[in-house]
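Working through the structure, step by step
Listed below are the residues making up each chain.
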Amino acid sequence: MQDSYCVFGNPIAHSRSPAIHSAFAASTGENLNYRAILAPLDDFAGSVRRFMAAGGRGANVTVPFKEEAYRLSTHLSDRARQAGAVNTLSFAADGSIHGDNTDGAGLLADLQDNLGCTLAGRRILLLGAGGAARGAVAPLLAAHPASLYIANRSADKADQLAARFHGDVPLHGSSFAALAGQQFDLVINATAASLAGEPLPLPAGLFAPDALAYDMMYARDGTPFLAQAQAQGASRCADGLGMLVEQAAEAFFVWRGIRPATAAVLSQLRHAP
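Bear in mind that the values here come from a model prediction, so they are computed numbers and not experimental data.

**Looking at the nonpolar core**
Core analysis: the biggest nonpolar cluster contains 32 residues, and Leu107, Leu126, Ile188 and Met216 have the highest contact counts within it. Within the residue set of this core, elements represented by two or more residues are α5 (103-114), β7 (123-127), α6 (131-142), β8 (147-152), α7 (155-162), β10 (184-189) and β11 (207-215). Looking at which element gives the most residues to this core, the answer is α6, with 7 residues. Discounting residues that sit within four places of it in the chain, leucine 107 has contacts with Ala136, Leu140, Ile188, Tyr214, Met216 and Met243. Within the second largest apolar cluster, 21 residues are counted, among which are Phe24, Tyr218, Val265 and Leu266.

Right under this line is the structure:
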């Protein structure tokens, strides 16, 4: 009998996660099925409970439920606790829910291994302060950048996220407007603006020479943020498909104890019709 896994989100029809995990299962010989589930905005917890009752073993969580998944978890990994957000759930036979966060591991694997982006000593700007951004802060700080700025429409939310972390790396929270006059080597979009097809109110001049603009969202024809970044001078642009594959591999390892290879899956997705 196959073990059941899924991804919860709203919207979710665009998700590539079922294809990714199916490819991982085929390459590792693991017997599982994986599907996408549209969870109502007002009943994420109910959707999780129903999936558990039907025998579900684990689930990924995407926009906009990562912080709610954190609150629903009865046990948390250290990286989920640091982030205050959960994107990977594991269900135990006693009904307990273990929450983890593989977003940061996936982001760093894509940036460093797939894109060859050096993070140490770089000025990094993280756009957004929601669930996606929360999972990225600790791993980015661990890579020893020169500084990390978190910018959000609501400066208070960015300040609150920055205040969760302490260390040697200068860390700041601000509004988008307060970024005027500063330049960054890496600008990461962790907002849902690209999913909504909206540009961000970013001041001009943010991108240093040779800067990389990175969108955690992905789209075959590019995202609004990447188009905006290119128009504002970013020399390199990358979407989040690689991050999606890498965080999925980390989640697969959490569930199955096997770390699947990612290069062939990422290439297949990039070239899919």
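**A look at α5**
The first and last C-alpha atoms of α5 sit 15 Å apart over 12 residues, in line with the 16 Å expected at 1.5 Å per residue. Buried positions along α5 lie against α3 (66-72), α6, β10, β11 and α10 (241-256). The first or second residue beyond α5 is glycine 116, which carries a positive phi of 65°.

**Focus on the environment of alanine 136**
By the secondary structure assignment, alanine 136 is in helix α6. Residues alanine 136 and leucine 126, spaced 10 residues apart in sequence, show a C-alpha to C-alpha distance of 8.6 Å. In this structure, alanine 136 is in contact with Gly104, Leu107, Leu126 and Met216, ignoring residues within four places of it in sequence.

**Some thoughts on the packing of aromatic side chains**
This structure, assessed with the given rule, holds 8 aromatic pairs. With a centroid separation of 6.3 Å and 70° between ring planes, the pair formed by phenylalanine 51 and phenylalanine 91 is classed as edge-to-face. You can see phenylalanine 51 sitting in helix α2 (residues 44-53) and its partner phenylalanine 91 sitting in strand β5 (residues 88-91), a full 40 residues away along the chain. Per residue, the accessibility class of phenylalanine 51 equals that of phenylalanine 91, and both read buried. By way of ring pairs, the aromatic residues Phe8, Phe44, Phe51, Phe65 and Phe91 are connected into one cluster. Positioned above the aromatic ring of phenylalanine 253, the side-chain terminus of arginine 259 is 4.2 Å from the ring centre.

**Here we look at the sheet that holds strand β3 (residues 56-61)**
Whether parallel or antiparallel, the strands of a sheet pair through hydrogen bonds between backbone atoms. The strand order across the open sheet built from 6 strands is β2-β1-β3-β5-β6-β4, with neighbouring strands paired in mixed fashion. Here the strands that pair on one side only, and so sit at the sheet edges, are β2 (32-38) and β4 (75-76). Against the sheet, helix α1 (residues 17-28) touches β1 (3-9), β2 and β3, its axis set at about 170° to β2. Of the strands in this sheet, β1, β2, β3, β5 and β6 (97-100) touch α2, which is tilted by about 170° from β1.

**A look at unusual backbone geometry**
With an omega of 5°, the peptide bond between asparagine 10 and proline 11 qualifies as cis. Along the chain, the position of proline 11 falls in the loop between β1 and α1. Here valine 63 and proline 64 are connected by a cis peptide whose omega angle stands at 5°. Residue position: proline 64 is located in the loop between β3 and α3. With a phi angle near 60°, histidine 144 is a residue other than glycine that sits in the positive phi range. Tracing the backbone shows histidine 144 in the loop between α6 and β8. For aspartate 210, which is not glycine, the phi dihedral falls at a positive 70°. Structurally, aspartate 210 can be placed in strand β11.

**Concerning the pairing of β11**
Burial runs high along β11: 7 of the 9 residues are buried. Examined bridge by bridge, β10 and β11 share 5 bridges and lie parallel to one another. Looking across to β11, one finds that asparagine 189 is bridged to aspartate 215. Of the pairings in the sheet, the one linking β11 to strand β12 (residues 236-238) comprises 3 bridges and is parallel in character. Bridging from a neighbouring strand, leucine 212 pairs with arginine 236 of β12. What joins β11 to β12 is helix α9 (residues 224-231), and the crossover it makes is right-handed.

**Topic: the sheet that holds β12**
The strand order across the open sheet built from 6 strands is β9-β8-β7-β10-β11-β12, with neighbouring strands paired in parallel fashion. Every interior strand has two partners, whereas the edge strands, β9 (171-175) and β12, have only one. The sheet shows a mean angle of 20° between the axes of neighbouring strands, taken without regard to direction. Running at roughly 135° to β11, α5 makes contact with β10 and β11 of the sheet.

What counts, and where the lines are drawn
- Residues numbered from 1 in each chain as written.
- Predicted model: local features only at pLDDT ≥ 70, side-chain atom pairs only at ≥ 80, totals over all residues.
- Heavy atoms only, no water.
- Core = buried A, V, L, I, M, F, W, Y, C linked by side-chain atoms within 4.5 Å.
- Buried < 20%, exposed > 50% of the residue type's maximum accessible area, 1.4 Å probe, protein only.
- Helix = DSSP H or I, 4+ residues; strand = E, 2+ residues; numbered from the N terminus.
- Contact = heavy atoms within 4.5 Å.
- Expected span 1.5 Å × (residues − 1).
- Phe/Tyr/Trp six-rings, centres within 6.5 Å; stacked < 30°, edge-to-face > 60°.
- Lys NZ or Arg CZ within 6 Å of the ring centre and 35° of its normal.
- Pairing = 2+ DSSP bridges.
- Axes fitted to C-alpha atoms, helices over the stretch in contact; angles between N-to-C directions.
- Right-handed = clockwise from strand over helix to strand, strands pointing away.

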